[in-house]
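Read off the chains here:
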Amino acid sequence: MNLETVLILSGIIFTIGLYGSLTKKNSIVVVMCLELMFNAVAIAVIGFSRFRPPQVLVDSDVLSPLNVLSGHMMAVFVIAIGAAEVALALALIISIYKIKGNIELTGLNNLKN
Amino acid sequence: MSFQDFLIISPEIVISFTAISVFLLDLFINNKKFLVNVSIAGLLFSFILTLGLSNGWLIESPGVYAFFSSIKLDEFSLFFKVLIILSGVAVIGSSGEYISSNIESKGEFLGLLLLSITGMLLLVSSVELITVWVSLELTAIPLVALVALGKNDTSLEASLKFLILSAVSSVVILYGLVFLYGYSGSTYFNDIFSYISSTTSSPEDLIVLNYGLLIGIILLVLGISFKLAAFPFQMWVPDVYQGAPTPITAYLSVVSKAAGFAVLLRIIYSVLGGNDFSVILSNLFSIIAVFSMTIGNVMALRQNDIKRLLAYSTIAHAGYLLIGVASLNISGIGENLYSGPQGVLYYLAGYAFTNLTAFLLIIGVSKSIGTFELSGFAGLRKKSPLTSFVLAVSVISLLGIPPTVGFMSKIFIFSAAVNTNLTWLAIVGVINSVISAYYYLRILKIVFVDPENNQSEIKVSKSISLITLIGMIGILLLGLFPSLILEIAEIAVMSIVNI
Amino acid sequence: MLNNYFDQYGIIGLFLITATLVPLGMLLVSKLAQYIKVRPHNPSEIKEGMYECGMRVDSDRWQGYNLRYYYYALLFVIFDIETVFLFPWAVKYGVLSKEFGVSVLLAMILFLFVVTIGYVYAWKKGDLQWK
């Protein structure tokens, strides 16, 4: 296993998520695709952190152990914020379901051009 | 962490605590007018703190780092902090009446708006990738909820669209940041800059490094185009602007855009500096600018809803601003090295005055006439001469006719483009300004020439009148004396440049 | 090294075989017990039906759930994800507190304070009530 395989895996998952989130009609599926994209990025950042550890830091007054782990920290934040985003999306979908009775994105065309 | 670290982010701390106390007070207090006052008091207090930071009352001088070098307080961030806080005061101060009649969850509205402002303040001063992304999300997530808070059922629809595109764009930005981190090995702007500019690897390594960084930068720019309301992520703008509560529309069009440009400029000048990426970036921005201007102006021609029209005009203005971003001085020699970003800062300040005046007037007028259709504004001159005069000044400034700030800022942007051998881009910009004259002048014709078609009386609340009058004075003052902002803008830009 | 690697798969393989054989064997023993008349065989409708906590099944499984469940699920997700920040902090508390002193503890208290405000908000808004 090396950096390329991790990046390819992450790229594939990211593309699936991007495609799904822009084309699917069911809003729950779209939210799942968003979550896929978040996780693809988390995979990439962990891969980078594992296989390309920080080089010699040229100009830094920063604690080195924090700097070494910054990839992992980024992954933690990605997980947390991804969850917040998805929770907000689900809350919105519930509100829309209460009003319209369905969660299809195609039904959302009240804003006119 | 020392006490000075907390002093440096004291404006953000004050606003976020105001937001939390607004949430809590909302649960126990019935007088919602009080909440508006609390929010404005919090914003004004943090404005005073920002002034204190810039004048050296609280810290020795700007240009200091805080929290393990992840936040930098410099003239650039102070410029944007003042801009954002004042716009926030204008939006909240003038929307008291709107909130009491059109918004059901009043406490949530104010609290989320304050949280979003906190995010923007952090965003403009962060110099570390994780901090940048987290504050970006702190601005975006409350905004999604804010768009959903309107009473009409189009709000929810607009909000879901906004959420999906906002999430996609922030993931794309994140992917870009991850590539920047991965190939440079650090999340700190200064480290990335030093690594890029002083790399001593073998040629093969250098190619890999460059491709990795290039992918990262392109993803980053594409994702940020969502925040700027520019091509290729511009399709959310009209729907969201129309569906959102109008104060939020004003906030989105001014503050969100300013914060987006702030982070873009900081990444270009602090992270990339003056190396080979500049050429590619300049081309990329030119393309985005041309598409944004043209799409915005052409689509605005046939709009009848004033919020939709201004939404397309916002896309066009993002295009003009991107001309200034594209005007990177690649050679690094000559006199006006940073006239491009300087023009962008001046343009943003002027645009804040202009667009806030226009949108806040629309809030006031549409409440009386009960519609956002352009035809509803017919005969406004007879009903309320002062209102229509202020509206006219702001529309003229959007179009770019002297003596307004819109004219001067377009002059600076276009001349910066000419200075950096992008004359064709300046010409495209001028042609687009001519196209935009059609729909801006149409607003003026409807307001001043058309006979009135309804008898509704125009009553604009005192706070809106006061704030839009200040806005109009600002438009004229900055248009006549551009040096007021330009000198500050120059210092601000110099503070982020890494050479 | 490589041998060792495949040995580990061997353990998983053994585990899989055991996990398959045990339930199969139990079913087989039960079936055999039927032939020597130890196990009675008189099927009824309830016995053939799906098992749902001992209750009688009264609808398909693709029926809508009460929206309330989703509100709880959302609140759960929000509060659950805070653990992701608590866990690394708790593991490295000793190292961090040597470096930065009491401010490490204060930072987490501040974080939990904000989370608690969210909880108070949800409570006061009546989102924790089943109505």
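Residues numbered from 1 in each chain as written. Chains lettered and ligands numbered in written order. Predicted model: local features only at pLDDT ≥ 70, side-chain atom pairs only at ≥ 80, totals over all residues.

1. Remarks on the overall build of chain C
Phase 1 of the analysis: The helix and strand tally for chain C stands at six helices and zero strands.
Phase 2 of the analysis: Sequence-ordered secondary structure for chain C, helices as α and strands as β, is α-α-α-α-α-α.
Phase 3 of the analysis: Burial analysis of chain C (131 residues in total) assigns 0% to the buried set. (Helix = DSSP H or I, 4+ residues; strand = E, 2+ residues; numbered from the N terminus. Buried ≥ 20, exposed ≤ 12 C-beta atoms within 10 Å, placed from the backbone.)

2. Focus on the overall build of chain B
Phase 1 of the analysis: Within chain B one finds 21 helices and two strands.
Phase 2 of the analysis: For 499 residues, the compact-globule estimate of 2.2 N^0.38 gives 23 Å, and chain B sits close to it at 22 Å.
Phase 3 of the analysis: Principal-axis analysis of the C-alpha atoms places the extent of chain B at approximately 75 × 55 × 40 Å.
Phase 4 of the analysis: Split into buried and exposed, the 499 residues of chain B put 64% on the buried side.
Phase 5 of the analysis: Intrachain contacts of chain B at a sequence separation of at least 6 include 80% that bridge at least 24 residues. (Rg over C-alpha atoms; globule rule 2.2 N^0.38 Å. Contact = placed C-beta atoms within 7 Å.)

3. Concerning the interface of chain C and chain B
Phase 1 of the analysis: Tallying the contact residues gives five residues for chain C and five residues for chain B.
Phase 2 of the analysis: A per-element tally of the side of chain C that touches chain B places helix α6 (residues 103–124) of chain C first, with four residues.
Phase 3 of the analysis: In terms of residue class, the side of chain C that touches chain B is built from three nonpolar, one polar and one charged. (Nonpolar A, V, L, I, M, F, W, Y, C, P; charged D, E, K, R; others polar.)

4. Structural notes on the environment of Ser-159 of chain B
Phase 1 of the analysis: Among the structural elements, Ser-159 of chain B can be located in helix α8 (residues 154–184).
Phase 2 of the analysis: Once the C-alpha coordinates of Ser-159 of chain B and Phe-6 of chain B are considered, the two residues, 153 residues apart in sequence, prove to be 35 Å apart.
Phase 3 of the analysis: Dropping the residues within four chain positions of it, Ser-159 of chain B is found in contact with Leu-92 of chain A together with Val-144, Val-147 and Ala-148 of chain B.

5. A look at the interface of chain B and chain A
Phase 1 of the analysis: Counting residues at the interface gives 38 residues for chain B, matched by 42 residues for chain A.
Phase 2 of the analysis: Sorting the residues of the side of chain B that touches chain A by element identifies α7 (129–148), α8, α9 (189–197) and α11 (236–243) of chain B as the ones contributing at least two each.
Phase 3 of the analysis: If you tally residues by element for the side of chain B that touches chain A, the top one is α8 of chain B, at 16 residues.
Phase 4 of the analysis: A class-by-class count of the residues in the side of chain B that touches chain A yields 21 nonpolar, 12 polar and five charged.

6. Observations regarding the packing of helix α4 (residues 70–100) of chain A against helix α4 (residues 83–91) of chain C
Phase 1 of the analysis: One way to put it is that α4 of chain A packs onto α4 of chain C with a least axis distance of 9 Å and a crossing angle of 155°. The angle between α4 of chain A and α4 of chain C places the two elements in the roughly antiparallel class. Judged by residue contacts, Val-76, Ile-79 and Ala-80 of chain A of α4 of chain A engage Val-84, Phe-85 and Pro-88 of chain C from α4 of chain C. (Axes fitted to C-alpha atoms, helices over the stretch in contact; angles between N-to-C directions. Parallel < 35°, antiparallel > 145°, perpendicular 65-115°, else oblique.)

7. Section: the domain arrangement of chain C
Phase 1 of the analysis: By domain assignment, chain C separates into domain 1 (2–40) and domain 2 (67–124).
Phase 2 of the analysis: Between domain 1 of chain C and domain 2 of chain C, the C-alpha centre-to-centre distance is 44 Å. (Domains from an automatic or database assignment.)

8. Thoughts on the nonpolar core
Phase 1 of the analysis: Judged by nonpolar contacts, the single largest core of 227 residues is most densely connected at Val-41 of chain A together with Ala-258 of chain B.
Phase 2 of the analysis: Per element, the largest residue contribution to this core is 20 residues, and it comes from α8 of chain B.
Phase 3 of the analysis: If sequence neighbours within four positions are ignored, Ala-258 of chain B has contacts with Phe-80, Leu-83, Ile-84, Leu-348 and Ala-352 of chain B. (Core = buried A, V, L, I, M, F, W, Y, C linked by C-beta atoms within 7 Å.)

9. Considering helix α19 (residues 423–448) of chain B
Residue and element names in this part refer to chain B.
Phase 1 of the analysis: Helix length check: α19, at 26 residues, gives a terminal C-alpha distance of 37 Å against a target of 38 Å (1.5 Å per residue), a fit within 8%.
Phase 2 of the analysis: The complete set of buried residues in α19 reads Leu-425, Ala-426, Val-428, Gly-429, Asn-432, Ser-433, Ser-436, Tyr-439, Tyr-440, Ile-443 and Val-447.
Phase 3 of the analysis: Elements in contact with the buried residues of α19: α13 (277–300), α14 (306–326), α16 (380–383), α17 (385–399) and α18 (405–419). (Expected span 1.5 Å × (residues − 1).)

10. Concerning the packing of helix α3 (residues 32–55) of chain B against helix α4 (residues 75–94) of chain B
Residue and element names in this part refer to chain B.
Phase 1 of the analysis: Orientation of α3 relative to α4, taken along the N-to-C sense of each, is 160°, at an axis distance of 10 Å. In terms of orientation, α3 and α4 fall into the roughly antiparallel class. The element α3 and its partner α4 pack so that their crossing is left-handed. Together, Val-36, Ser-39, Ile-40, Leu-43, Leu-44, Ser-46, Phe-47, Thr-50, Leu-53 and Ser-54 of α3 and Leu-78, Lys-81, Val-82, Ile-85, Gly-88, Val-89, Ile-92 and Gly-93 of α4 make up the contact between the two elements.
Phase 2 of the analysis: Among the residues making up the contact of α3 with α4, the classes are represented as 11 nonpolar, six polar and one charged. (Left-handed = near helix turned anticlockwise from the far one by under 90°.)

11. Section: unusual backbone geometry
Residue and element names in this part refer to chain B.
Phase 1 of the analysis: Note the cis peptide between Phe-231 and Pro-232, where omega equals 0°.
Phase 2 of the analysis: Of note, Pro-232 is situated in the loop between α10 (203–228) and α11.
Phase 3 of the analysis: Positive phi outside glycine occurs at Ala-229, with the angle close to 60°.
Phase 4 of the analysis: Looking at the secondary structure, you find Ala-229 in the loop between α10 and α11.
Phase 5 of the analysis: At Asn-421, a residue that is not glycine, the phi angle is positive and equals roughly 60°.
Phase 6 of the analysis: Position of Asn-421 among the secondary structure elements: in the loop between α18 and α19.

12. Details of the environment of Ser-366 of chain B
Residue and element names in this part refer to chain B.
Phase 1 of the analysis: Mapped onto the secondary structure, Ser-366 falls in helix α15 (residues 339–369).
Phase 2 of the analysis: The class for Ser-366 is partly exposed, based on 18 C-beta atoms found within 10 Å.
Phase 3 of the analysis: Sequence separation between Ser-366 and Ala-489 is 123 residues, and the spatial gap between their C-alpha atoms is 35 Å.
Phase 4 of the analysis: Once you skip the residues sitting within four places of it in the chain, Ser-366 turns out to touch Thr-371 and Phe-372.

13. Focus on the environment of Phe-353 of chain B
All names here are of chain B.
Phase 1 of the analysis: Position of Phe-353 among the secondary structure elements: in helix α15.
Phase 2 of the analysis: Note: C-alpha distance between Phe-353 and Val-254 (99 residues apart in sequence) is 8.9 Å.
Phase 3 of the analysis: Dropping the residues within four chain positions of it, Phe-353 is found in contact with Val-405, Gly-471, Gly-474, Ile-475 and Leu-478.

14. Looking at the confidence of the model for chain C
All names here are of chain C.
Phase 1 of the analysis: With 88% of its residues at a pLDDT of 70 or more, chain C shows a mean pLDDT of 83.
Phase 2 of the analysis: Across chain C, the element-wise mean pLDDT spans from 75 in helix α2 (residues 45–48) up to 89 in α6.
Phase 3 of the analysis: Listed scores for the predicted complex are pTM 0.88 and ipTM 0.91. (pLDDT = per-residue confidence, 0-100.)

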